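# Inside the fold
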Amino acid sequence: MKKTNAVITAVGGYVPEYILNNQELSQMVDTSDEWIMTRVGIKERHIQKGEGLGTSDMGVEAVKEILRKTGTKPEEIDLIICATVTPDHPFPATANIIADKADIRNAHGFDLNGACSGFLYALDAASKYIETGAKKKVIVVGADKMSSIVDYTDRTTCVLFGDAAAAVLLEPSEEELGLQDCILRSDGFGRKYLNMKGGGSVHPSSHETLDNKLHYIFQDGKHVFKHAVSNMADVSVEIMERNNLTEDDIAWLVPHQANLRIIDATANRMNLNPEKVMINIERYGNTTAATIPLCLWEWEKQLKKGDNIILAAFGAGFTWGSIYLKWAYDGK
Ligand code: UT7
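None of the values given here were measured: they were computed from a predicted structure.

Taken together, 24 residues form the shell around the ligand, and within it Thr31, Arg39, Lys222, Asn259 and Asn286 come nearest. Between the ligand and tryptophan 35, the relevant distance is 3.3 Å, taken from an oxygen atom to a side-chain nitrogen or oxygen of the residue. Contact distances for the ligand include 3.2 Å between a nitrogen atom and a side-chain N or O atom of glutamine 219. Per element, the largest residue contribution to the shell around the ligand is five residues, and it comes from helix H8 (residues 221–242). Residues belonging to the shell around the ligand are distributed by class as follows: 12 nonpolar, seven polar and five charged.

Turning next to the packing of helix H3 (residues 55–70) against helix H4 (residues 94–101). Axis separation between H3 and H4 bottoms out at 9 Å; the angle between their running directions is 55 degrees. For the element pair H3 / H4, the angle class is oblique. Pair H3 / H4 crosses with right-handed handedness. Residues Thr55, Ser56, Asp57, Gly59, Val60, Val63 and Lys64 of H3 touch H4, and the partners they reach there are Thr94, Ile97, Ile98 and Lys101.

To continue, consider the layout of surface pockets. In this structure, the second largest pocket encloses a volume near 180 Å³. In terms of lining residues, the second largest pocket is bounded by Thr9, Ala10, Glu65, Lys69, Thr70, Trp297, Glu298, Glu300, Lys301, Tyr329 and Lys332. Going through the elements one at a time, strand S1 (5–14), H3 and helix H11 (291–299) are the ones with two or more residues in the lining of the second largest pocket. Residue composition of the lining of the second largest pocket, grouped by class: three nonpolar, two polar and six charged.

So, on to the sheet that holds strand S7 (residues 163–173). The strand order S1-S7-S6-S4-S5 describes an open sheet built from five strands, whose pairing is mixed. Every other strand in the sheet has two partners, leaving S1 and strand S5 (108–112) as the edge strands with one partner each. Sheet twist, expressed as the average angle between the axes of neighbouring strands with direction ignored, equals 20 degrees. The pairing of strand S4 (residues 79–83) with S5 spans five bridges and is parallel.

Moving on, we get to H8. Here H8 is 22 residues long and its end C-alpha atoms lie 31 Å apart, about the 32 Å a rise of 1.5 Å per residue gives. Within H8, burial applies to Val224, His227, Ala228, Asn231, Met232, Ala233, Val235, Ser236, Val237, Ile239 and Met240. The first or second residue beyond H8 is asparagine 244, which carries a positive phi of 55 degrees.

Moving on, we come to the pattern of salt bridges. Under the defined criterion, the tally for this structure stands at 15 salt bridges. Put simply, arginine 105 and aspartate 100 hold a salt bridge, and the shortest N to O gap is 2.9 Å. Taking the shortest distance from any N to any O, the salt bridge between aspartate 103 and arginine 105 comes out at 2.8 Å. Since its relative accessible area comes to 43%, aspartate 103 is described here as partly exposed. Shared partners join several salt bridges into a network, and the residues in it are Glu65, Lys69 and Glu300.

What follows concerns the environment of valine 235. Position of valine 235 relative to the elements: it lies in helix H8. A sequence separation of 31 residues divides valine 235 from threonine 266, and the C-alpha atoms of the two residues are 9.5 Å apart. Apart from residues lying up to four places away in sequence, valine 235 is in contact with Ile183, Arg185, Trp320, Gly321 and Ser322.

What the four strands build is an open sheet, ordered S8-S13-S12-S11; its pairing is mixed. Each of the sheet's edge strands pairs with one partner strand only, and the pair in question is strand S8 (178–186) and strand S11 (252–255). Across this sheet, the average inter-strand angle for adjacent strands is 10 degrees, counted without regard to direction. With eight bridges connecting them, S8 and strand S13 (residues 319–326) associate as antiparallel partners.

How each quantity is defined
Residues numbered from 1 in each chain as written. Predicted model: local features only at pLDDT ≥ 70, side-chain atom pairs only at ≥ 80, totals over all residues. Heavy atoms only, no water. Near = heavy atom within 4 Å. Polar contact = N/O pair within 3.5 Å; in protein donor to acceptor, adjacent residues only side chain to side chain. Helix = DSSP H or I, 4+ residues; strand = E, 2+ residues; numbered from the N terminus. Nonpolar A, V, L, I, M, F, W, Y, C, P; charged D, E, K, R; others polar. Axes fitted to C-alpha atoms, helices over the stretch in contact; angles between N-to-C directions. Parallel < 35°, antiparallel > 145°, perpendicular 65-115°, else oblique. Left-handed = near helix turned anticlockwise from the far one by under 90°. Contact = heavy atoms within 4.5 Å. 1 Å grid on protein atoms, 1.4 Å probe; cavity = no way out; pocket = protein on both sides within 12 Å on 5 of 7 lines; lining within 4 Å. Points joined across faces, edges and corners; volume = space filled by probe spheres on them. Pairing = 2+ DSSP bridges. Expected span 1.5 Å × (residues − 1). Buried < 20%, exposed > 50% of the residue type's maximum accessible area, 1.4 Å probe, protein only. Salt bridge = Lys/Arg side-chain N within 4 Å of Asp/Glu carboxyl O.

Written out as structure tokens, the structure is:
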């Protein structure tokens, strides 16, 4: 019997309209376009504005685009997994809210928190449902409204993040395409360097958590940078080696977009020509779980059936990983 593979058959994406550029940020905090561009590589990020809007409102746009493009009826979807660190609410899951807003009534759904590696974790989980035959159509959403947890008086974090959502549809195929290999890691050791302490069971929301700014992102950037550079490159090289891939075999690297210097270091370790690296950090910043599918969405037209693609991420936890997949259709 032939093996069933999980292949991506469509991509959707959404970025909010409002653009917060470096010039506007430099009027809010003591920073400059020059510092942000040389240290991180970001020019602008999109911010979701509007009372009562949240992560699900971006995620549902990406999901609807997939349904529209593929002519899939909402009731055909079996499962939605939403990777996010900024759910609409602690519960119910944002995946459930997206399902409701997209009129998806025959699926189950859940959220998954793997921070900036969340999309890779969710893609891996989704692929198992397809490969075992348990599900036929699974949507994986990576969505984050980072502006909801950013302290816009803290120059060390507020310049980094943006809001966005993107999603992929996974389906079964007997062709040798789709997810081929996966290395996922987490250690917990890094949790002290990147976190948001308030609002959970250890520090439930209180006047004190508000006064101490515990509901904002905390990051010790230097430490995170050091581990991101080595770990993201290590797993990317490891997945190449164990699949006997050379740099010539790889069509694209799709790296998490946290810092242009981390992306360059990973591409260098893989010996990849910079033209093979998807980079859009300049326009969107770090959108956490959305960065990787957002790249796939933007580059979809250039992708060809059979392209070898390496996805790579690193984030809070620490979490990190790499997925090797063969693209399943020609971009239109
Ligand atoms: O996606 C999840 C994983 N996250 C990451 O991978 C992020 C990893 N870390 C990084 O990308 C970098 O560490 C940052 C971009 C966050 C910071 O860059 P850096 O080169 O590591 O800067 P630094 O933290 O060492 O700070 C250097 C200087 C400091 O000033 P002093 O102490 O040297 O006087 C900072 O106060 O730059 C200062 N600084 C800024 N200056 C202007 C920090 N933020 C800013 C800013 N504008 N926005």
